[in-house]
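Examination of the molecular architecture
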Amino acid sequence: MMSRTLNKHGFVTDLVEKTPTPFYYYDMDILHETLAEVNRQIGGHPFKVHYAVKANGNPHILKTIASHGLGADLVSGGEVKAAIEAGFDPREMTFSGVGKTDWEIRLGIENGIGCFNVESVPELDIINQLAGEMGKKANIAFRVNPDIDAHTHKYITTGTADNKFGITLEALEQVINHALTLQHVCLRGLHFHIGSQITTMQPFVMLCETINKLLDYYSGRGINFEMINVGGGLGINYNDPDMHPIPDFESYFNTFKQHLQLRPNQLLHFELGRSIVGGCGSLISRVVFVKETRNKKFIILDAGMTDLIRPALYEAHHEIQNLTAADTGTQETYDVVGPVCESSDVFAHDRSLPTTHRGDLIAIRSAGAYGESMSSRYNMRPLPSSVFATRE
Ligand SMILES: *Cc1c(COP(=O)(O)O)cnc(C)c1O
C-alpha cells in the first residue's frame, strides 16, 4: 500500500480533514511500537503485563492490545465483558476495585478469570460464598496498601492509612490467615497499586523494598506467594509528545529487575494503563469561534470537557497544536475552551499558539488514556467518535 500523506504534525491528512469533529485520532503505529517495546523489555523475565482497560476501552484498541499477548486488568463487570469480547484470555485477567457487586463477582468466577484483587474482608467472604454456591474456587490476591505516597515521593508513616483502597500492612497477616481457612478461594499472591502518572522511579523502588520485606516476613512463616502484582502507574510525558511518544519502559522494568527479589517460580504482574495508550491518542477538534474580550482571546472548540475531562477534572496539561495555521506566522496567547455550560470547561489557559481562525483544526495531544473512556453525554452532547490511523 502507498504511504499516506502526513501533515506537519504527523497526522494522516485526509483522515483529520474529512472526519467530522470532534473525534479521537489513534496513531496505531505508536500503539504497536509501544506494545512491542513493552514485550521487548519483559522478554526473558517471569513478567506478565495486564493492560488496565479503564484507561481506554475502545474495542479496536482492546483488540490490538490483546493481539500483542497482554492480559487485562478490569474494574467492572462491563470491562470483564469488553475484555472477553476483545479476545483477552480470561486466565490472564485480574479484577480490581473496592466495590465489586455480586453479579460482577459471579461473572468473573463464571469466566474463570485469573485473579480477583481483593480489597477487604467482606469482599473476601462474599467471593468465597459465591464461588462455593457455584461449585468453584476463585483465585485471589490481596491488594495491600503499602503507605507509599507516589506524588510527593515520601514514605508516609501514618499508622492509619486514610484511603479506601486495599488492606493495611497491619491488618494483612490476620486477613491472610483468615483466607487460608476458606474453602472456595485460593490465595495466589499480593497486589499493590500506588498511584498514577508517576514519572520518577523512586516510588517504585520504595515499593520493591516494601515487597521484599513482606516476602521475607511471610516466607519465615511458611507462606509463599506464587505471584506478586505491582499494579500500574507509570507516567507519560504530556509536555513533549513528539520527542517522547513512548514511555521509558526500560527504566521502569529495570527498576523491578534490580530492586525486587523475586523468589524462584514467582511471577511478577504489572497493570499498566496510561503508559500503554496515552501517547497514541489525540482529540481532534475544530474551532467554532475566536472570541476577544478586553484582556483575553478565546479559542472556542467543538470539543469540550465531555470529550476530554482531564484538564477540567485535574487541571491536567495537554499539548495543543493548530493543524491548519502555519507555524511560521504570528503567535498569540489564547484560552482554549469548550462549548459546555461549565466554567471549568477549559483545555488550556494563556497558551501561545499561531494566530487561529474559525474552522481551523486543533489537536489536543496525549489524550489516549482517560480521554475517550471518561467521555460523557452531559449537555446531551454525542459521544466522540474515533479513527485509527496507520502511516502505511
Ligand atoms: C487504574 C489502575 C491501574 C492503571 O493505572 P495507570 O496509571 O493507568 O497505569 C492499574 N491497577 C489498578 C488497580 C488501577 O486501579
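Every value quoted in this text rests on a predicted model; they were computed, and no experiment measured them.

A few points about the overall build of the chain
Counting its regular elements, the chain contains eleven helices and 19 strands. Its C-alpha radius of gyration of 23 Å places the chain within 12% of the 21 Å reference for a compact globule of 392 residues. Expressed as lengths along the three principal axes of its C-alpha atoms, the size of the chain is roughly 70 × 40 × 40 Å. Across the 392 residues in the chain, those meeting the buried criterion constitute 53%. When contacts within the chain are restricted to residue pairs at least 6 apart in sequence, long-range pairs at least 24 apart make up 72% of them. For the chain, the accessible area works out to roughly 17,400 Å², and carbon and sulfur atoms hold 52% of it. If the 34 positive side-chain charges of the chain are averaged to one point and the 45 negative ones to another, these points end up 2 Å apart.

Here we look at helix 7 (residues 169-180)
Taking 1.5 Å per residue as the helical rise, helix 7 with its twelve residues ought to reach 16 Å, and the 17 Å between its terminal C-alpha atoms agrees with that figure. Along helix 7, the positions that sit buried rather than exposed are Leu172, Val175, Ile176 and Ala179. Projected down its long axis, helix 7 carries its buried residues within an arc of 105 degrees, all on one side. Opposite the buried face of helix 7, by more than 90 degrees, sit the exposed residues Glu170 and Gln174.

Notes on the side chain of threonine 255
Within the secondary structure layout, threonine 255 lies in helix 9 (residues 249-259). The residues touching threonine 255, leaving out its near neighbours within four places in the chain, are Met201, Phe204, Val205, Cys208 and Leu260.

Some details on the site of the ligand
Residues in close proximity to the ligand total 15 residues, the closest being Lys54, Ser196, Glu271, Arg274 and Tyr370. Between an oxygen atom of the ligand and a side-chain N or O atom of serine 196, the distance comes to 2.4 Å. Between glycine 233 and the ligand, the recorded distance is 2.9 Å, taken from a backbone N or O atom to an oxygen atom. Contact with the protein chains hides 94% of the accessible area of the ligand, taken as 390 Å² for the molecule alone. For the shell around the ligand, the per-class residue count stands at three nonpolar, seven polar and five charged.

As for the domain arrangement of the chain
Here the chain is partitioned into domain 1 (2-24 + 279-389) and domain 2 (29-278). Taken together, the contact between domain 1 and domain 2 spans 20 residues of the former and 20 residues of the latter. In total, domain 1 and domain 2 occlude about 1,700 Å² of area from one another, counting both sides; carbon and sulfur atoms represent 49% of this. The largest per-residue losses of area from domain 1 upon contact with domain 2 belong to Cys280, Tyr370 and Phe388, which jointly make up 32% of the total buried on that side. Aspartate 242 serves as the salt-bridge partner of arginine 365, at 3.1 Å between the closest nitrogen and oxygen. The tally of links between domain 1 and domain 2 comes to twelve residue pairs in polar contact (both at pLDDT 80 or more). The element that contributes the greatest number of residues to the side of domain 1 that touches domain 2 is strand 19 (residues 385-389), accounting for three residues. Here the side of domain 1 that touches domain 2 is built from residues that sort into six nonpolar, ten polar and four charged.

Concerning the pairing of strand 5 (residues 115-118)
Residues of strand 5 alternate between two faces, with Cys115 and Asn117 on one and Phe116 and Val118 on the opposite face, all of them buried. When strand 4 (residues 93-95) meets strand 5, the two strands line up parallel, connected through two bridges. Counterpart to phenylalanine 95 in the pairing with strand 5 is phenylalanine 116. Where the polypeptide runs from strand 4 across helix 5 (residues 102-110) and back to strand 5, its parallel neighbour, the crossover connection is right-handed. Sheet topology note: the strand 5/strand 6 (residues 138-145) ladder contains three bridges and is parallel. Across the sheet, asparagine 117 pairs through a bridge with alanine 141, a residue of strand 6. Crossover connection from strand 5 via helix 6 (residues 121-133) to parallel strand 6: handedness right-handed.

Remarks on the packing of helix 2 (residues 28-42) against helix 3 (residues 59-67)
Viewed as axis vectors pointing N to C, helix 2 and helix 3 meet at an angle of 35 degrees, and their least axial separation amounts to 10 Å. Crossing geometry of helix 2 relative to helix 3 is assigned as right-handed. Each of Met28, Leu31, His32 and Leu35 in helix 2 lies in contact with helix 3, whose residues at this interface are His60, Ile61, Thr64 and Ile65. Residues of the contact of helix 2 with helix 3, tallied by class, amount to five nonpolar, three polar and no charged.

Section: the side chain of arginine 143
Looking at the secondary structure, you find arginine 143 in strand 6. When its relative accessible area of 8% is taken as the criterion, arginine 143 is described as buried. Of note is the side chain of arginine 143, whose polar atom sits 3.4 Å from the backbone oxygen of histidine 193. Among residues more than four places away in sequence, those in contact with arginine 143 are Val118, Glu119, Phe165, Gly166, Ile167, His191 and His193.

Conventions adopted
Residues numbered from 1 in each chain as written. Predicted model: local features only at pLDDT ≥ 70, side-chain atom pairs only at ≥ 80, totals over all residues. Heavy atoms only, no water. Helix = DSSP H or I, 4+ residues; strand = E, 2+ residues; numbered from the N terminus. Rg over C-alpha atoms; globule rule 2.2 N^0.38 Å. Buried < 20%, exposed > 50% of the residue type's maximum accessible area, 1.4 Å probe, protein only. Contact = heavy atoms within 4.5 Å. Areas by Shrake-Rupley, 256 points an atom, 1.4 Å probe, with all protein chains shown as cover. Lys, Arg positive; Asp, Glu negative; His and termini not counted. Charge placed at Lys NZ, Arg CZ, Asp CG, Glu CD. Expected span 1.5 Å × (residues − 1). Arc of directions from axis to C-beta. Near = heavy atom within 4 Å. Polar contact = N/O pair within 3.5 Å; in protein donor to acceptor, adjacent residues only side chain to side chain. Nonpolar A, V, L, I, M, F, W, Y, C, P; charged D, E, K, R; others polar. Domains from an automatic or database assignment. Buried area = accessible area lost by both parts, 1.4 Å probe. Salt bridge = Lys/Arg side-chain N within 4 Å of Asp/Glu carboxyl O. Pairing = 2+ DSSP bridges. Right-handed = clockwise from strand over helix to strand, strands pointing away. Axes fitted to C-alpha atoms, helices over the stretch in contact; angles between N-to-C directions. Left-handed = near helix turned anticlockwise from the far one by under 90°.

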